[in-house]
Amino acid sequence: MDPEQFRKRGRQMIDYIADYLENIENRRPLSNVEPGYLKLLIPDDAPKKPEDWNTVFQDIERVIMPGVTHWHSPQFHAYYPTANSYPSILADMLSDAIGCIGFSWVSSPACTELEGVMMDWLAKMLQLPEEFLSTGEGGGVIQGTASEATFVTLLAARSKALSKHINSSKSITKFVVYASDQAHSSVERACLLAAVEFRSVPSNENEEMTGEALEEMIQKDIDNGLIPFYVVATLGTTPSCAFDRLLEVGPVCKKHDIWLHIDAAYAGSSFICPEFRPLLDGVEFADSFNFNPHKWLLVTFDCSTLWLKNNKYLVETFNVDPLYLKHKEQGNVPDYRHWQIPLGRRFRSLKIWFVLRLLGSEFLQSYIRRHVQLAKEFEALVRSNDKFEVTHPVILGLVCFRLKGDNEMNRKLHDAINNDGRIFLVPSSSKSVYFLRFAVCAYKTCLNDVKFAWKTILQISESL
Ligand code: PLP
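Residues numbered from 1 in each chain as written. Predicted model: local features only at pLDDT ≥ 70, side-chain atom pairs only at ≥ 80, totals over all residues. Heavy atoms only, no water.

- As annotated in an unreviewed UniProt entry, the protein chain carries the name Aromatic-L-amino-acid decarboxylase and comes from Dimorphilus gyrociliatus.
- According to the UniProt record, the Sequence similarities (unreviewed entry) comment for the protein chain reads "Belongs to the group II decarboxylase family." (UniProt positions renumbered as here; feature names shortened; annotations may be inferred.)

## Quick word on the sheet that holds strand S4 (residues 227–234)
Reasoning step 1: Strand order in the open sheet formed by 7 strands is S1-S7-S6-S5-S4-S2-S3, with mixed pairing between adjacent strands. The two strands at the open ends of the sheet, each matched to only one other strand, are strand S1 (139–143) and strand S3 (197–201). The average undirected angle you get between the axes of adjacent strands in this sheet is 20 degrees.
Reasoning step 2: Of the strand pairs in this sheet, S4 and strand S5 (residues 259–263) are connected by 5 bridges, and their pairing is parallel. When the sheet's bridge partners are listed, Val231 is paired in S5 with Leu260. (Pairing = 2+ DSSP bridges. Helix = DSSP H or I, 4+ residues; strand = E, 2+ residues; numbered from the N terminus. Axes fitted to C-alpha atoms, helices over the stretch in contact; angles between N-to-C directions.)

## Examining the site of the ligand
Reasoning step 1: Looking at the ligand, there are 13 residues lining it, with Ala146, Ser147, Thr238, Asp263 and Asn292 nearest.
Reasoning step 2: For the ligand, an oxygen atom lies 2.8 Å from a polar atom in the backbone of Ala146.
Reasoning step 3: Asn292 is positioned such that a nitrogen or oxygen atom in its side chain is 2.9 Å from an oxygen atom of the ligand.
Reasoning step 4: Alone, the ligand offers 390 Å² of accessible surface; in the complex the protein occludes 86% of this.
Reasoning step 5: Secondary-structure elements contributing two or more residues to the shell around the ligand are helix H5 (146–164) and helix H9 (293–296).
Reasoning step 6: Taken together, the residues that form the shell around the ligand break down as 3 nonpolar, 8 polar and 2 charged. (Near = heavy atom within 4 Å. Polar contact = N/O pair within 3.5 Å; in protein donor to acceptor, adjacent residues only side chain to side chain. Areas by Shrake-Rupley, 256 points an atom, 1.4 Å probe, with all protein chains shown as cover. Nonpolar A, V, L, I, M, F, W, Y, C, P; charged D, E, K, R; others polar.)

## Thoughts on the UniProt feature "modified residue: N6-(pyridoxal phosphate)lysine" (unreviewed entry) in the protein chain
Reasoning step 1: The residues that UniProt annotates with the feature "modified residue: N6-(pyridoxal phosphate)lysine" (unreviewed entry) are Lys295.
Reasoning step 2: The residue Lys295 is located in helix H9 in this model.
Reasoning step 3: Once residues lying within four places of it in the same chain are set aside, the contact partners of Lys295 are Tyr80, Pro81, Thr82, Ala83, Ala265 and Tyr266. (Contact = heavy atoms within 4.5 Å.)

## Some words on the packing of helix H4 (residues 109–125) against helix H11 (residues 349–359)
Reasoning step 1: Orientation of H4 relative to H11, taken along the N-to-C sense of each, is 45 degrees, at an axis distance of 9 Å. Viewed along their axes, H4 and H11 adopt a mutual orientation that is oblique. Crossing of H4 against H11: the hand is left-handed. In this structure, H4 uses Cys111, Leu114, Glu115, Met118, Trp121, Leu122 and Met125 to contact H11, whose residues at the interface are Ser349, Leu350, Ile352, Trp353, Leu356 and Arg357.
Reasoning step 2: Looking at the contact of H4 with H11, its residues break down into 10 nonpolar, 1 polar and 2 charged. (Parallel < 35°, antiparallel > 145°, perpendicular 65-115°, else oblique. Left-handed = near helix turned anticlockwise from the far one by under 90°.)

## A word on the packing of aromatic side chains
Reasoning step 1: Under the definition given, this model contains 23 aromatic pairs.
Reasoning step 2: Consider the rings of Phe378 and Trp454, whose centres lie 5.7 Å apart with planes at 90 degrees: the pair is edge-to-face. Here Phe378, found in helix H12 (residues 361–383), pairs with Trp454, found in helix H14 (residues 447–463); they are 76 residues apart in sequence, far enough to count as distant. For the residue pair Phe378 and Trp454, the accessibility class agrees, reading buried in each case.
Reasoning step 3: An aromatic cluster is defined as three or more aromatic residues linked by ring pairs; in this entry it consists of Phe378, Phe388, Phe401, Phe438 and Trp454.
Reasoning step 4: Over the aromatic face of Tyr443 sits the side chain of Arg370, whose NZ or CZ is 6.0 Å from the ring centroid. (Phe/Tyr/Trp six-rings, centres within 6.5 Å; stacked < 30°, edge-to-face > 60°. Buried < 20%, exposed > 50% of the residue type's maximum accessible area, 1.4 Å probe, protein only. Lys NZ or Arg CZ within 6 Å of the ring centre and 35° of its normal.)

Structural data, given as structure tokens:
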């Protein structure tokens, strides 16, 4: 493809993307293809000669789109949102074109420097304590996902604990991690990868981890000669958007000198609104904090932002320094390769920069507020019907609800909703209660979509 063809095809692709996103509500949100559908539509071997652009372009609709689940459809209410916006897509195009691998400052200074500044901008928008800013011993770094943020901070905490317990024989076999039974599965997985013990702390009736429950488990382990070293507090749990009691959990971690990591993957974006910022009270106790702008801050996947109060444990944990990666500014500037597992890293801060500059923080606040308001509207519709109940407090953009009655009935309702295909929801369960989750996800979702979803659910429930 020569530059002139690229300009022409690029315009065509931009038009296709804009048409796709502007008319997305006309597509079934949940793909209903059968496994193996795609192999039947394309040849078994890669082409030897170049194919014509128009044939490839037409195959987007023929081959790809039938198997796409449309996460940006206003009828998509599953999981949690994944963000999308034109400024972010444009920034990613530029990042692809620059195509640098920013593993060290010298490998592309703008990549490192913009990331540092963007992490400080975001930290200030969230009113994180000053220790998380790059001006002191702390600072922020972009990871791919919240799971990676948990894993790398767990490794950093493990290395800190190892240096403290250097004389304790086989200390690593005694190391224990804690998170609520509502925490994301990535915490348990990080423990498997790091070969440390995981404890699931029973949550209270509101699905919160309390200081008391955590203290009880920690004390028992200490009495048995074990070494508690890392706690994850979740703000906005995956099943029901519950918030661990940070103001109780924090002092327990301080008392026992345990690394406290906060996973606010979804809810973190809402902390840019002053009315939701109290949900983050207690962050001052944390050693590390993470949320996903790629969930709810209009920055496209992947962009998971992680801050540390003291970056030395992370940087020292991953420090392998071959000659070919050394440069003369080393030590004076961050080399983000030490802050993550892979060596290579994309220019992801560009999309934060574009989104923050082209939309502004006031617009982002109003966007979050609009989603929360839509969740409240859906909650009111559920509450207005005697056959249904809301199962958990609606704090942000997630409503958990169910038909009053047994779990089986609700399982049938969920299956029928997804078979129907007009909207897409996922279920969850907690303390043996099965319920449905209605998440406000898409940028475009409006009150009519919420009413449409409720009408669809009612219709289907009546036909059961
Ligand atoms: N933590 C929480 C609270 C989540 O809700 C999720 C996903 O929804 C994750 C972690 C995992 O996110 P990621 O895909 O960024 O690893």
